Amino acid sequence: MSDELFFSRREMLRRGASLLSAAATVPLFLDRTALALSGPSDSPGPKRKTRNDASRILVVVQLAGGNDGLNTVVPIGNDRYYQSRPSLAIRKDDALSINADLAFPKSAEGLKSLYDDGLLAVVQGVGYPNPNRSHFVSTDIWSTADPEERIHNGWLGRYFDCECKGSARPDPKSGIALTQESPLAMQGARFSPVSFNSPEELSWRGPAAHGRGMAAFNKLNQSKRKNTRKTEAPLDQAGALAYLERMAMDARASAEEIQRATGIDGANSRNQGFRFRFQNRGRGGELGQKLEMVKRMIAAGLDARVYYVSMGGFDTHAQQAGRHQTLITQLGEALKDFTLSLKADGLLDRVTIMTFSEFGRRVAENGSQGTDHGAAAPLFIVGSSVRPGLHGEHPSLEPADLDAGDLKWQVDFRSIYTAVLSDWLKADAAKVLGGEYSKAALFRV
């Protein structure tokens, strides 16, 4: 990231307030602490709250690329499925039966185990009106909860905005994203999460009152002076630098808190080449490692209410069979290990996990033994407070019932968000989502 990205204070506000990174430059730090400049120019940071062990936590798992729902929850009793996928269909003897009509593939032993233990809800046919088959657009729609694309911040970011009272600044540590970039879903008007791929990234060299830091800040002030909006009064440079230094201390303290929670020391990691050592090296793959990191932070008592992790690789246009089944194995094993680990430590009652993917795949396989972008797909909710089992009917595969060759959605994803916000996070869902939607009966309330 270069200084050229720092065009204006407005740009800084848009980009968010995450902290970062072992190799972080001062301009990068300025970017990630942008909300320091968003309110009154020298407003105090959030007061540290006493940790509430009873507070509920949401873990969002993004399946990036468009997961093939038909080969995840398999309609083994439907001949149309086998006719549409002569090379990709999961055979009945390679499936783990849910009932006479549906099954998980044998590779999804983890999901089946959670299902049998009454910890997994499967919501079928999830989507939205007039589905968009672009990865970027559909991901934005799921992130903003706005198929009309009128809203430009995320539903979880708005949740944090709404939870913050008065002029107080939302605490970035309330939401933690284990992603390279801060996900749109977590970005609000005032809130932006802490985001990092590895806890080793969470250290900072501190702002300097010269060099690139000064140059970047000068650029901000110059841009500000050119801005005619009266609502954005320019900051006093010396005062703002002092403020940034104070914010830097807060950020550094947050980083060190997170590093301690995940079991590393930032200084040692830089000086000794330390690398985070995951206990989970099993079938859950990278997702399992990230969820293990989340578990450590939850167990250490961080105040975060939402964690966000992403698993890629689901854009399976060619040679899908083995690749997709490997992904489903990793997903199932990672969710199972995470859930059982939380349960063993008495933490599961505080945590709900929700998966989503931007769309499913088309019903028919393509000529490359893969599947192309589709529409509706299943979504999973995991936890001890969910109503387990199947929710809704499997979408019809009859040609007359398809939407240009894709499954039609039956459950608007915003009804799931409404349930998560209202019944789990105890938030005003209508206020967060900007409208009222029917609430899916997903939780024991």
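Rules behind the numbers
Residues numbered from 1 in each chain as written. Predicted model: local features only at pLDDT ≥ 70, side-chain atom pairs only at ≥ 80, totals over all residues. Heavy atoms only, no water. Helix = DSSP H or I, 4+ residues; strand = E, 2+ residues; numbered from the N terminus. Buried < 20%, exposed > 50% of the residue type's maximum accessible area, 1.4 Å probe, protein only. Contact = heavy atoms within 4.5 Å. Pairing = 2+ DSSP bridges. Core = buried A, V, L, I, M, F, W, Y, C linked by side-chain atoms within 4.5 Å. Phe/Tyr/Trp six-rings, centres within 6.5 Å; stacked < 30°, edge-to-face > 60°. Salt bridge = Lys/Arg side-chain N within 4 Å of Asp/Glu carboxyl O. Polar contact = N/O pair within 3.5 Å; in protein donor to acceptor, adjacent residues only side chain to side chain. Axes fitted to C-alpha atoms, helices over the stretch in contact; angles between N-to-C directions. Parallel < 35°, antiparallel > 145°, perpendicular 65-115°, else oblique. Left-handed = near helix turned anticlockwise from the far one by under 90°. pLDDT = per-residue confidence, 0-100.

Caption draft 1: Examining the overall build of the protein more closely. Broken down by element type, the protein carries 13 helices and 11 strands. In the protein, buried positions account for 57% of the 445 residues. Nonlocal contacts in the protein, meaning residues at least 24 apart in sequence, comprise 71% of its contacts between residues at least 6 apart.

Caption draft 2: Highlighting the pairing of strand β9 (residues 377–382). The element β9 is largely enclosed, with a buried count of five among its six residues. Bridging between strand β8 (residues 351–356) and β9 involves two bridges; their strand directions are antiparallel. In the sheet register, methionine 354 faces β9, and the bridge partner there is isoleucine 381.

Caption draft 3: Region of interest: the pairing of β8. Here β8 lies mainly inside the structure; six of its six residues are buried. The sheet contact formed by strand β1 (residues 57–63) and β8 spans six bridges and is parallel. By the bridge assignment for β8, valine 60 is matched with methionine 354.

Caption draft 4: Structural view of the nonpolar core. In this structure, Val59, Phe104, Ile176, Met297 and Tyr307 are the most contacted members of the largest nonpolar core, which totals 46 residues. Looking at this core element by element, the count peaks at seven residues for helix α11 (residues 320–344).

Caption draft 5: Representation of the packing of aromatic side chains in the model. This model, assessed by the stated rule, comprises 11 aromatic pairs. Ring centres 5.8 Å apart and planes at 15° place the aromatic pair tryptophan 424 and phenylalanine 443 in the stacked group. Here tryptophan 424 is found in helix α12 (residues 413–424), whereas its partner phenylalanine 443 is found in the segment after α13 (429–433), with 19 residues between them in sequence. What makes tryptophan 424 buried here is its relative accessible area of 1%. A relative accessible area of 2% means that phenylalanine 443 is categorised as buried. Each member of the aromatic cluster is reached from another via a ring pair, and the members are Tyr128, Trp142, Trp155, Phe356, Phe413 and Tyr417.

Caption draft 6: Region of interest: the pattern of salt bridges. Tallied over the full model, the rule gives 18 salt bridges. Notably, a salt bridge pairs arginine 91 with aspartate 93, separated by 3.6 Å at the nearest N-O pair. In this structure, the salt-bridge partner of aspartate 412 is arginine 414, at a minimum N-O distance of 2.7 Å. Exposure class is identical for aspartate 412 and arginine 414. Each is buried. Connected through shared salt-bridge partners, Glu109, Arg283, Glu333 and Lys336 make up one network.

Caption draft 7: Examining the side chain of threonine 316 more closely. With respect to the secondary-structure elements, threonine 316 resides in the loop between β7 (306–311) and α11. Here glutamine 320 takes part through its side chain, which lies 2.9 Å from a polar atom of the side chain of threonine 316. Contact partners of threonine 316, with chain neighbours within four places excluded, come to Arg323, His324, Arg361, Gly370 and Thr371.

Caption draft 8: Just the packing of helix α10 (residues 285–299) against α11, in detail. Relative to each other, α10 and α11 sit at 20°, their axes nearing to 8 Å. In terms of axis orientation, α10 runs roughly parallel to α11. Read as a crossing pair, α10 and α11 show a hand that is right-handed. For the pair formed by α10 and α11, the contact residues are Gly285, Leu287, Gly288, Leu291, Val294, Lys295 and Ile298 on the first element and Gln330, Leu331, Ala334, Leu335, Phe338, Ser341 and Leu342 on the second.

Caption draft 9: Representation of the confidence of the model for the protein in the model. Per-chain confidence: the protein averages 80 in pLDDT, with 70% of residues scoring 70 or above. Overall, residues 216–235 carries pLDDT values under 50, and its contacts beyond four positions in sequence, including any with other chains, amount to 32 contacts. A low-confidence stretch, residues 267–276 (pLDDT under 50), is modelled with 17 contacts involving residues beyond four sequence positions or located in other chains.

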